[in-house]
Amino acid sequence: GFVSATGIAGLTLGGGFGYLTRKFGWTTDNVAAFEVVTAEGRVVRASEKQHPDLFWGLCGGGGNFGVVTHVDYRLHTVGPEIVGGAIAWRAADAPAVLAMYRALIASAPPELTVAMVFRPAPPAPWLPNEVHGTPVVVLIVCCSSAVAEGERLVAPIKAFGKPVGDVVVRRPYCAQQSLLDATQPKGRRYYWKSEYLPEVESALTERLIAHGATFVSPHSALILFPIDGALNRLPNEHAAVGNRDARVVLNLTSAWERAADDARNVEWARAVWQDTKRFSTGGSYINFQSDDEGQERTAAAYGGNLARLVDVKTRWDPDNVFRCNKNIAPRRLAGS
């Protein structure tokens, strides 16, 4: 993931993506086995050879099939030092920065992940006081290749235009993993919308720039996460997570402090989503769905894999014991 406090189990069961996804695929693509407590109280091991239907469903189907108590991951060598951090420009530079960004992510090697964040500048010490509270475009960079190669790859980004802040440096990968933690503190109020994108179109960036002038909270953001690469090389039915046509995640994050501001912040996120969802593949990341999105959006998140997920649910949880989630109803309860 992108925030170190994210629970690894929930991240994984929803598919999971982060700084290394372009090289290694969905988090679930890197799971060897799960240990699961089923609805009837059995403890089973699910893998490609043991209960493969359950294993397939757990790789993206969320908490619908049991309580996962153990995960075996396939590990990869990264770092320990990488080149990463953040670099920011004023909103006035957004058209040029986003044009550069579109070209960058279209040709970047899989070791280089660059997320785009358009938001009011936080009072961070690496940003000058005069931009605090004003919209900025921030590129979050993580290059997991050899450090010298990473420095070569990020040099054009660092040299572009006139940044107002730049902390893209050599750093431990674990430090990169917690770089964004301060943006997601506990106790704040959140409402998110997200879509998978087949690409970043110029028309989309134009709409994001327009909405960058409409923030109603200093904590909200418009975010693009590139995820293309390894996950696109597997068939859609490889795992329940599907969405192998996705190349970028659009995440519209509304965040604020007071309950009195709920309505206007939720409305802001919904309005931006209504204006940008036409660029979607039709799918969305299940872990980024808000509680009010309903069954239609859950179904859209799984697309053509939904029917098989219903089969797995019907076999392993026919009474829908595990239903306090983005629910996949068993067949008899779904009316099918």
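Remember, predicted model here, so these are calculated numbers, not experimental data. (Residues numbered from 1 in each chain as written. Predicted model: local features only at pLDDT ≥ 70, side-chain atom pairs only at ≥ 80, totals over all residues. Heavy atoms only, no water.)

## What to know about the overall build of the protein
Moving on, step 1. On a plain count of helices and strands, the protein comes out with eleven helices and eleven strands.
Moving on, step 2. Its C-alpha atoms give the protein a radius of gyration of 20 Å, near enough to 20 Å, the size a compact globule of 336 residues would have.
Moving on, step 3. By residue count, 52% of the 336 residues in the protein fall in the buried class.
Moving on, step 4. Nonlocal contacts in the protein, meaning residues at least 24 apart in sequence, comprise 73% of its contacts between residues at least 6 apart.
Moving on, step 5. A total accessible area of about 14500 Å² is found for the protein, and carbon and sulfur atoms account for 55% of it.
Moving on, step 6. Positive and negative side-chain charges in the protein, numbering 35 and 33 respectively, have mean positions lying 1 Å apart. (Helix = DSSP H or I, 4+ residues; strand = E, 2+ residues; numbered from the N terminus. Rg over C-alpha atoms; globule rule 2.2 N^0.38 Å. Buried < 20%, exposed > 50% of the residue type's maximum accessible area, 1.4 Å probe, protein only. Contact = heavy atoms within 4.5 Å. Areas by Shrake-Rupley, 256 points an atom, 1.4 Å probe, with all protein chains shown as cover. Lys, Arg positive; Asp, Glu negative; His and termini not counted. Charge placed at Lys NZ, Arg CZ, Asp CG, Glu CD.)

## Brief notes about the environment of Gln 184
Moving on, step 1. Tracing the chain through its elements places Gln 184 in the loop between α6 (173-177) and β9 (189-197).
Moving on, step 2. When its relative accessible area of 27% is taken as the criterion, Gln 184 is described as partly exposed.
Moving on, step 3. Residues Gln 184 and Ala 255, spaced 71 residues apart in sequence, show a C-alpha to C-alpha distance of 8.6 Å.
Moving on, step 4. For Gln 184, the side chain forms a polar contact with the side chain of Thr 183, separated by 3.3 Å. (Polar contact = N/O pair within 3.5 Å; in protein donor to acceptor, adjacent residues only side chain to side chain.)

## So, the packing of aromatic side chains
Remark: the centre distance and the inter-plane angle together describe each pair of aromatic rings, the angle taken between the planes.
Moving on, step 1. Going through the model one piece at a time under the given rule, you end up with 14 aromatic pairs.
Moving on, step 2. Aromatic side chains Phe 225 and Phe 288 sit 6.5 Å apart centroid to centroid with 45 degrees between the ring planes, which places their arrangement in the tilted category. Taken together, the residues Phe 225 in strand β10 (residues 221-226) and Phe 288 in the loop between α8 (262-276) and α9 (294-302) connect sequence positions 63 residues apart. Assigned by exposure class, Phe 225 and Phe 288 land together as buried. (Phe/Tyr/Trp six-rings, centres within 6.5 Å; stacked < 30°, edge-to-face > 60°.)

## As for the environment of Tyr 302
Moving on, step 1. Looking at the element boundaries, Tyr 302 is found in helix α9.
Moving on, step 2. Residue class for Tyr 302 comes out buried when judged on its relative accessible area of 4%.
Moving on, step 3. Residues Tyr 302 and Ser 284, 18 residues apart in the sequence, show an inter-C-alpha distance of 8.3 Å.
Moving on, step 4. With residues near it in sequence (within four places) discarded, Tyr 302 still touches Gly 60, Gly 61, Gly 62, Ala 240, Ile 286, Leu 309 and Ile 328.

## Remarks on the packing of helix α7 (residues 202-211) against α8
To describe two helices that pack against each other, one gives the angle between their axes and the distance between the axes.
Moving on, step 1. Between α7 and α8, the least distance of the axes is 10 Å, while the angle of their chain directions is 160 degrees. Regarding the angle of α7 to α8, the classification is roughly antiparallel. When you trace α7 past α8, the crossing you get is right-handed. Taking contact as the criterion, the partners of Leu 204, Arg 207, Leu 208 and His 211 in α7 are, on α8, Trp 268, Val 272, Asp 275 and Thr 276. (Axes fitted to C-alpha atoms, helices over the stretch in contact; angles between N-to-C directions. Parallel < 35°, antiparallel > 145°, perpendicular 65-115°, else oblique. Left-handed = near helix turned anticlockwise from the far one by under 90°.)

## Considering the packing of helix α4 (residues 94-107) against α7
Moving on, step 1. Close contact between α4 and α7 brings their axes to 10 Å; oriented N to C, the two are set at 145 degrees. Crossing of α4 against α7: the hand is right-handed. Where α4 abuts α7, its residues Ala 94, Pro 95, Leu 98 and Arg 102 lie against Ser 202, Thr 205 and Ile 209.
Moving on, step 2. Among the residues making up the contact of α4 with α7, the classes are represented as four nonpolar, two polar and one charged. (Nonpolar A, V, L, I, M, F, W, Y, C, P; charged D, E, K, R; others polar.)

Nothing here speaks to function; it is geometry throughout.
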